[in-house]
Amino acid sequence: MPPDGVADHWAGLLLAKIEARTARVAVIGVGYVGLPLALGLSRERFRVVGFDVRQARVDELRAGSTGFAHLPPDDLEHELRCGLRFSSDPDAIRGCDVFVICVPTPLANGLPDLAAVRAATCFAAIGAEACSLVCLESTTYPGTTREIVGAALERQGFTIGLNAFVAYSPEREDPGRRSHDVTTTPKLVGGMTDNCGLVAERFYSTFVHKVIRLSCPESAEMAKLMENTYRAVNIALANEYKAACDAMGIDFYEAMDAAATKPYGFAPFYPGPGVGGHCIPVDPVYLTWRANAAGAECPLIEAALGINERAHERALRVLVRELRARGKSLHSAKILLVGAAYKPSVSDTRESPFFAVLADLLVHGADVCYHDPLVPALEFGGRTYASTGGFLNFDAAVIVTNQAGVDYEGLLEVPLIVDCRRSYERERAGVVRA
Ligand code: SAJ
């Protein structure tokens, strides 16, 4: 029987399948967001197909490899044995009852690039048959769900809120975090209609402990952008504090740690040579782009993004100053960069500030190597670099990311270390904080 409060025939049928766990669910995009979601749904005994356009990704998952250092294979291997499937064939998701879209939303030439969202939406709209729920999880600007997902389903002949249900529910996946996972992180849901919101809320409530329903997709889209823009602006503020503290001869870290003892109204952020990942440097641009298009200026957000983009210059300044103090120049100096990943305990190098620092050093004629236990090799400027094992014979090292698994005591072999991440809790000979 359809649950009470749901008048419509199709919504009731879909809810009944969701409640009974007989609903077939397609997760479109099985990367660092889609894979944990597919595993969580499979654990809840839904029949799940993980869809990805990359055949190599499908093959990797079918072979039981998550492809991420922070996601061990055990869970995947178990769910594969329980029926979790992966495919790159659109026919594999035809007729699914629920489609969840978890594809990248990068920038292209500094502007929002929704090509993957449009393609995934087409797969869902074509795959949807009698009645389906389609949820977009990718971080994007307000209006995307309605203008792209809702419109695509309407072009297929569906009536949103009657025989197709569309909602936005931002992903809150934090790679490497141990304190929360997909089931314990509160989930926002905003439906295009009341029925859409209800169906989406009931769907997520089957495996997420706390689901917060909003009045529309735009509120949920904006909430997500607020979350990540908050981080970008506060990281920029930390970078500005650091520069001011250096100029005044104040220990930034002592002052920030002290301010962080305030039990309310404050959250600590720390400086670095830049902001990496595919969230924090990117998501605020989705906000400013849409706000500007609507006639609103965002000078604070844009200034913050500029501060973060230039933060690598501070690391270079300190390195040049300290080499000069030792009678050396950057030209032909042997420099070791430590930490290529965009943050500790991950192997992801997307948008990592490592590349800005590397470019600076190469432009100045330095001979550069890198060390990152989680990033065995990388490409830059048409050249392949492999992570070095030893620390001998370097003039200086620059710690870009305080990556896990680095032998920081052994690194002290290097006569000069420019530490951009407070990798050493107390002052050490040869270590200069940038
Ligand atoms: N960073 C700083 N100083 C800081 C914090 C971060 O320079 O005080 C740098 C990091 O080194 C990194 C970049 O910013 O290069 C982004 O770091 P992040 O800690 O924000 O990590 P992300 O990009 O993985 O952000 C994710 C986001 N999760 C989702 O979007 C679901 C973000 O919303 C989370 O708040 C964040 O993880 C988290 O809290 O760890």
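Residues numbered from 1 in each chain as written. Predicted model: local features only at pLDDT ≥ 70, side-chain atom pairs only at ≥ 80, totals over all residues. Heavy atoms only, no water.

Topic: the site of the ligand
In the vicinity of the ligand, 20 residues are found, and the nearest of them are Lys 224, Asn 228, Arg 231, Tyr 270 and Tyr 342. At 3.4 Å from a nitrogen atom of the ligand is found a main-chain nitrogen or oxygen belonging to Glu 173. Within the side chain of Lys 224, an N or O atom sits 2.6 Å from an oxygen atom of the ligand. For the ligand, whose unbound accessible area comes to 740 Å², protein coverage reaches 87%. Its atoms largely coinciding with the cavity grid, the ligand occupies the largest pocket. By residue class, the composition of the shell around the ligand is eight nonpolar, three polar and nine charged. (Near = heavy atom within 4 Å. Polar contact = N/O pair within 3.5 Å; in protein donor to acceptor, adjacent residues only side chain to side chain. Areas by Shrake-Rupley, 256 points an atom, 1.4 Å probe, with all protein chains shown as cover. 1 Å grid on protein atoms, 1.4 Å probe; cavity = no way out; pocket = protein on both sides within 12 Å on 5 of 7 lines; lining within 4 Å. Sits in = over half its atoms within 2 Å of the grid points. Nonpolar A, V, L, I, M, F, W, Y, C, P; charged D, E, K, R; others polar.)

Examining the packing of aromatic side chains
Geometry of an aromatic ring pair is reported as the spacing of the ring centres plus the angle between the planes. According to the stated counting rule, one finds 15 aromatic pairs in the structure shown. Ring centres of Tyr 230 and Phe 269 lie 5.5 Å apart, and the angle between their planes is 75°; on these two criteria the pair is classed as edge-to-face. One end of the pair, Tyr 230, is in helix α8 (residues 217-248); the other, Phe 269, is in the loop between α9 (252-259) and α10 (283-293), with 39 residues separating them in the sequence. Judged by its relative accessible area of 7%, Phe 269 falls in the buried class. Put simply, the rings of Phe 46, Phe 203, Tyr 204 and Phe 207 touch in pairs and so form one group of aromatic residues. Note that Lys 334 overlies the ring of Phe 394, its terminal NZ or CZ placed 4.8 Å from the centroid. (Phe/Tyr/Trp six-rings, centres within 6.5 Å; stacked < 30°, edge-to-face > 60°. Helix = DSSP H or I, 4+ residues; strand = E, 2+ residues; numbered from the N terminus. Buried < 20%, exposed > 50% of the residue type's maximum accessible area, 1.4 Å probe, protein only. Lys NZ or Arg CZ within 6 Å of the ring centre and 35° of its normal.)

Examining empty space enclosed by the protein
Counted according to the given criterion, the structure contains one cavity of 30 Å³ or more. Lining the largest cavity are Val 33, Leu 37, Glu 137, Glu 171, Arg 172, Glu 173, Val 182, Thr 185, Pro 186 and Lys 187. Its residues assigned to classes, the lining of the largest cavity comprises four nonpolar, one polar and five charged. (Points joined across faces, edges and corners; volume = space filled by probe spheres on them.)

Some details on the sheet that holds strand β11 (residues 334-338)
Spatially, β12-β11-β15-β16-β17 is the arrangement adopted by the five strands of the open sheet, whose pairing is parallel. Each end of this open sheet is capped by a strand with a single partner; those strands are β12 (367-371) and β17 (431-433). For this sheet, the mean angle separating the axes of adjacent strands, direction not counted, is 25°. (Pairing = 2+ DSSP bridges. Axes fitted to C-alpha atoms, helices over the stretch in contact; angles between N-to-C directions.)

What to know about the side chain of Arg 421
Within the secondary structure, Arg 421 is located in the loop between β16 (417-419) and β17. Buried Arg 421, no salt bridge; nearest opposite-charge side chain is Asp 419, N-O distance 7.4 Å. Aside from chain neighbours lying at most four places away, what touches Arg 421 is Tyr 253, Pro 271, Gly 272, Pro 273, Gly 274, Pro 353, Ile 399, Val 400, Thr 401 and Asn 402. (Lys, Arg positive; Asp, Glu negative; His and termini not counted. Salt bridge = Lys/Arg side-chain N within 4 Å of Asp/Glu carboxyl O. Contact = heavy atoms within 4.5 Å.)

Describing the layout of surface pockets
Considering only enclosed or pocket space, the largest pocket measures out at about 1600 Å³ in volume. Lining the largest pocket are 47 residues; nearest its centre among them are Asp 174, Pro 175, Arg 177, Arg 231 and Lys 343. Of all elements in the fold, only α2 (34-43), α4 (74-81) and α8 reach the threshold of two or more residues within the lining of the largest pocket. A per-element tally of the lining of the largest pocket places α8 first, with five residues. Of the residues that constitute the lining of the largest pocket, the class distribution is 19 nonpolar, 12 polar and 16 charged.

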